[in-house]
Amino acid sequence: DNHTVGLKADGTVVAVGNNELGQCNVSEWSDIVSVSAGDDHTVGLKADGTVVAVGSNGHGQCNVSEWSGIKVHADNSSDNADELTTDTETENID
């Protein structure tokens, strides 16, 4: 809660706000194609399909080190061709 993340064009991530649980510790992330901020954690999808996460792991939400093959693609079937969706059998990433 109370933090904001942004994905830069070069694949790096910026974060501001409450970092009490390390949820803003994203300065070393690179090759990121999608990012999401949860209550007390931040998750990033890398270009190679792996996932990184920082912050609170109180419910296992940062246990993503073994995830691979996760994809992001444009959903051209909607009115918004730039909308990003996940294409995976893994649980939703919030």
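What you see is a predicted model, and the numbers here were worked out from it, not measured in a lab.

Asker: Would you mind showing me how to read the overall build of the protein chain here?
Answerer: Looking only at helices and strands, the protein chain has 0 helices and 7 strands in total. Starting at the N terminus and walking to the C terminus, you meet the elements of the protein chain as β-β-β-β-β-β-β. Counting across all 94 residues of the protein chain, residues that qualify as buried make up 26%. Here the analysis covers contacts within the protein chain between residues at least 6 apart in sequence; of these, 25% occur between residues at least 24 apart. Counting only carbon and sulfur atoms, one obtains 41% of the accessible surface of the protein chain, whose full area is about 6,000 Å².

Asker: Explain unusual backbone geometry to me, please; I cannot follow it from the model alone.
Answerer: With the exception of glycine, the majority of residues adopt a negative phi angle, and the majority of peptide bonds are in the trans configuration. With a phi angle near 60°, D31 is a residue other than glycine that sits in the positive phi range. Looking at the element boundaries, D31 is found in the loop between β2 (13–17) and β3 (32–37).

Asker: Even after reading the chapter, I still don't get the environment of S65, so can you show me in this structure?
Answerer: Mapped onto the secondary structure, S65 falls in the loop between β5 (51–55) and β6 (72–74). For S65, a relative accessible area of 70% gives the class exposed. Residues S65 and V51 lie 14 residues apart in sequence; the distance between their C-alpha atoms is 6.6 Å.

Asker: Just to check I follow, could you spell out the sheet that holds strand β4 (residues 41–46) for this structure?
Answerer: Note: strands within a sheet are paired through backbone hydrogen bonds, in either parallel or antiparallel orientation. On the basis of which strands lie adjacent, the open sheet formed by 3 strands has the order β3-β4-β5 and antiparallel pairing. Both edges of this open sheet fall to β3 and β5, since each of them pairs with a single strand only. The average undirected angle you get between the axes of adjacent strands in this sheet is 15°.

Asker: How do you make sense of the nonpolar core when you look at a structure like this?
Answerer: Among soluble globular proteins, nonpolar side chains are generally buried collectively. Counting 6 residues, the largest nonpolar core is built from V5, V13, V26, W29, I32 and V54. Not counting the four nearest positions on each side in its chain, V13 is found in contact with V5, G6, L7, V26, W29, I32 and V35.

Asker: How do you make sense of the environment of H41 when you look at a structure like this?
Answerer: Its location among the elements puts H41 in strand β4. Judged by its relative accessible area of 9%, H41 falls in the buried class. Spatially, the C-alpha atom of H41 lies 7.5 Å from that of G22, the residues being 19 residues apart in sequence.

Asker: For this particular structure, what's the right way to read the pairing of β2?
Answerer: Note: strand β1 (residues 3–7) against β2, 5 bridges, orientation antiparallel. The partner of L7 across the bridge, within β2, is V13.

Asker: Please explain the confidence of the model for the protein chain as it appears in this structure.
Answerer: As a note on interpretation, predicted positions should not be read in detail where pLDDT is low. For the protein chain, the mean per-residue pLDDT works out to 84, and 76% of the residues sit at or above 70. Here residues 80–94 scores under 50 on pLDDT; set against residues more than four positions off or in separate chains, the count is 30 contacts.

Asker: Teacher, can you tell me more about the side chain of S56 here?
Answerer: Tracing the backbone through its elements, the reader meets S56 in the loop between β5 and β6. Note on S56: relative accessible area 18%, which makes it buried. What S56 contacts, discounting residues up to four positions off in sequence, is L21, D40, H41, Q61 and C62.

Cut-off values and rules
- Residues numbered from 1 in each chain as written.
- Predicted model: local features only at pLDDT ≥ 70, side-chain atom pairs only at ≥ 80, totals over all residues.
- Heavy atoms only, no water.
- Helix = DSSP H or I, 4+ residues; strand = E, 2+ residues; numbered from the N terminus.
- Buried < 20%, exposed > 50% of the residue type's maximum accessible area, 1.4 Å probe, protein only.
- Contact = heavy atoms within 4.5 Å.
- Areas by Shrake-Rupley, 256 points an atom, 1.4 Å probe, with all protein chains shown as cover.
- Pairing = 2+ DSSP bridges.
- Axes fitted to C-alpha atoms, helices over the stretch in contact; angles between N-to-C directions.
- Core = buried A, V, L, I, M, F, W, Y, C linked by side-chain atoms within 4.5 Å.
- pLDDT = per-residue confidence, 0-100.

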